[in-house]
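Inside the fold
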Amino acid sequence: MLSTAFDNARVMALNDQAVHYKAHGYLDKAEQCFVEALNLAEGVDGFDLAHLATLRDGLAGLRWDQQRHAEAEALYLEVLNTREILFSTSHQLVGQSLQTLGNCYLKQGRISEAARMLERAVQVYREDTPDDLEPVSACLASLGLAHLQQDNLAAAHKAFSESLGIYQVQQPRDEQVIAVLGEQLKMIEHLGKGAWWKFW
C-alpha cells in the first residue's frame with residue numbers, strides 16, 4: 001500500500017489537471033487523469049475518504065458530460081452515501097450531492113425524483129448554512145422547474161418567488177437569472193389567472 005505525502009500530492013495534482021481538461025472540453029484527457037487519480041488514491045493507505053468522494057464526484061460529472069448517465073448516477077449516489085456517512089444528512093456537501101442528482105433527474109425528465117432530491121437539498125442548505133443563501137437560490141430555481149413540469153403551479157410560484165428574492169439581494173446581481181425567474185413567474189400567474197390567490 002502506498003502511504004507517502006508524494007502519493008497524496010500526486011492524486012490531488014491529477015485531480016486538478018482533470019478538472020482543467022474538463023473545463024476546456026478535453027474530455028478524453030480529463031478521463032485519463034480522473035481514472036489515474038482514483039486508482040492511485042484507492043491504493044494510498046488511509047487516503048482521506050472525503051477527498052476520495054470528491055474525486056468520484058468529479059468523475060461522475062465527466063461521465064454525465066460524456067452522456068454516460070447511468071454511470072454518472074451510480075457515482076453520484078455513491079458520493080451521496082459516503083458524505084452522509086462521513087458528515088451528516090444535513091451537511092452542506094450532502095446538499096450539493098442532492099442538488100446535483102436533482103438537476104440530473106430534471107434533465108432526464110425524471111421529475112418526481114428530481115423534486116424529491118431538490119426539496120431535500122433546500123432543507124439541508126437551510127439547516128446547515130442558513131446564512132449562506134447562494135446555494136439555496138439556485139436549488140429553488142431548479143425546484144420551481146420541477147414543480148412547473150408537474151403542473152403544480154402554486155409550488156412552482158413559491159419556489160421561483162423565493163429564488164428571485166434571494167437573487168435580487170445577491171451581489172453581484174445576476175440580471176439574466178433575475179429576468180428569467182421574473183418571466184417564469186409572469187407565465188405561472190397567467191396560467192393561473194382567476195386563481196391568483198393560490199400563489200400567496
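Right above here is the structure, for reference.
Report follows, based on the coordinates. A quick note: this is a predicted structure, and the numbers were derived from the prediction, not measured. (Residues numbered from 1 in each chain as written. Predicted model: local features only at pLDDT ≥ 70, side-chain atom pairs only at ≥ 80, totals over all residues. Heavy atoms only, no water.)

Concerning the packing of helix α3 (residues 49-65) against helix α4 (residues 69-86)
The geometry of α3 relative to α4 is characterised by a closest axis approach of 8 Å and an angle of 160 degrees between their N-to-C directions. Regarding the angle of α3 to α4, the classification is roughly antiparallel. In this structure, α3 crosses over α4, and the sense of that crossing is left-handed. Within the contact between the two elements, α3 uses L49, A50, A53, T54, R56, D57, L59, A60, G61, R63 and W64 and α4 uses H69, E71, A72, L75, Y76, E78, V79, T82, R83 and L86. Grouping the constituent residues of the contact of α3 with α4 by class yields eleven nonpolar, four polar and six charged. (Axes fitted to C-alpha atoms, helices over the stretch in contact; angles between N-to-C directions. Helix = DSSP H or I, 4+ residues; strand = E, 2+ residues; numbered from the N terminus. Parallel < 35°, antiparallel > 145°, perpendicular 65-115°, else oblique. Left-handed = near helix turned anticlockwise from the far one by under 90°. Contact = heavy atoms within 4.5 Å. Nonpolar A, V, L, I, M, F, W, Y, C, P; charged D, E, K, R; others polar.)

A closer look at the packing of aromatic side chains
For the structure on display, the rule yields one aromatic pair. For the pair Y21 and Y26, a centre-to-centre distance of 6.3 Å together with 90 degrees between the ring planes defines the contact as edge-to-face. Look at Y21 and you get buried, because its relative accessible area is 19%. Here the guanidinium or amino end of K29 rests over the ring plane of Y26, the centre of that ring lying 5.5 Å away. (Phe/Tyr/Trp six-rings, centres within 6.5 Å; stacked < 30°, edge-to-face > 60°. Buried < 20%, exposed > 50% of the residue type's maximum accessible area, 1.4 Å probe, protein only. Lys NZ or Arg CZ within 6 Å of the ring centre and 35° of its normal.)

Some remarks on the packing of helix α6 (residues 111-128) against helix α7 (residues 134-149)
α7 packs onto α6 with a crossing angle of 155 degrees between their chain directions and a minimal axis gap of 9 Å. Taken as axis vectors, α6 and α7 run roughly antiparallel relative to one another. Classified by chirality, the crossing of α7 by α6 is left-handed. Listed contacts from α7 to I111, A115, L118, E119, A121, V122, Y125 and R126 of α6 are P135, V136, C139, L140, S142, L143, A146, H147 and Q149.

As for helix α1 (residues 5-23)
Compared with the 27 Å implied by 1.5 Å per residue over 19 residues, the 27 Å span of α1 between its first and last C-alpha is a close match. Residues of α1 that are buried make contact with α2 (27-42) and α3. Two residues or fewer past α1, G25 is found with a positive phi of approximately 85 degrees. (Expected span 1.5 Å × (residues − 1).)

Description of the nonpolar core
Of all hydrophobic cores here, the largest spans 45 residues; its most connected members are V11, F47, L55 and L98. Breaking this core down by element, the ones donating at least two residues are α1, α2, α3, α4, α5 (92-108), α6, α7 and α8 (153-169). With nine residues, the top contributor of residues to this core is α6. Beyond its immediate sequence surroundings of up to four residues, L55 is in contact with V11, N15, F34, A37, L38, A41 and F47. Ranked by size, the runner-up nonpolar core spans ten residues in total, among them A141, A156, I178 and L185. (Core = buried A, V, L, I, M, F, W, Y, C linked by side-chain atoms within 4.5 Å.)

Any functional reading would require information that these geometric values do not contain.
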